[in-house]
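# A closer look at the structure
Take a look at the letters that make up each chain.
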Amino acid sequence: TTNPFLGGHTCYSTDKRTTLSAQYNSTNGTHLTDSARWMTHVSICEWEGIACTTNGRVTEINCLDWNLKGMISKDVMSLQHWTVLDLSDNKLSGTVPQGLRYARALPCSI
């Protein structure tokens, strides 16, 4: 199967806050090293480790050495405009979501 955002033919709408919240919850978010603004009312573009375009599209998720534990949420693939995903130096387990296998051209550290 193809990933809907990396080579697929169908586009899907997604709520960025819901998607990033799913990642937070799947990796033991309450114990993250740098997550003071995560899951608060502030814009997700102000959350630590998140970079956005001027119109609010998430382009980077950088959680290097954040004490992440658990699995990478498959929902992270629903973010359509990311160019960098860095989850390295954490304690992640399980399989890499299938969609990340299609992201070879993008900087991705897990």
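Refer to the structure above for everything that follows.
### Remarks on the overall build of the chain
Check the secondary structure of the chain and you find one helix and six strands. Secondary structure elements in the chain, listed N-terminal to C-terminal, are α-β-β-β-β-β-β. In the chain, of all internal contacts separated by at least 6 residues, the share reaching a separation of at least 24 is 51%. Per element, the accessible surface of the chain, about 6,300 Å² overall, is 50% carbon and sulfur.

### Focus on helix 1 (residues 16-26)
Listed in full, the buried residues belonging to helix 1 are Thr19, Leu20, Ser21, Ala22, Gln23 and Tyr24. For helix 1, the elements touching its buried residues are strand 1 (50-52) and strand 2 (58-62).

### Points about the environment of serine 78
Here serine 78 shows up in the loop between strand 3 (69-70) and strand 4 (84-86). On the basis of relative accessible area, serine 78 is assigned to the buried category, the value being 17%. Between the C-alpha atoms of serine 78 and threonine 19, which are 59 residues apart in sequence, the distance is 7.3 Å.

### Side note on the pairing of strand 2
Residues in a regular strand point their side chains to alternate faces of the sheet. As paired strands, strand 1 and strand 2 are joined by three bridges and run antiparallel to one another. What sits directly across from alanine 51, in strand 2, is glutamate 60. Relative to strand 4, strand 2 runs parallel, the two being bridged by three bridges. From the neighbouring strand, isoleucine 61 faces strand 4, where its bridge partner is leucine 85.

About the cut-offs
- Residues numbered from 1 in each chain as written.
- Predicted model: local features only at pLDDT ≥ 70, side-chain atom pairs only at ≥ 80, totals over all residues.
- Heavy atoms only, no water.
- Helix = DSSP H or I, 4+ residues; strand = E, 2+ residues; numbered from the N terminus.
- Contact = heavy atoms within 4.5 Å.
- Areas by Shrake-Rupley, 256 points an atom, 1.4 Å probe, with all protein chains shown as cover.
- Buried < 20%, exposed > 50% of the residue type's maximum accessible area, 1.4 Å probe, protein only.
- Pairing = 2+ DSSP bridges.

Nothing here speaks to function; it is geometry throughout.
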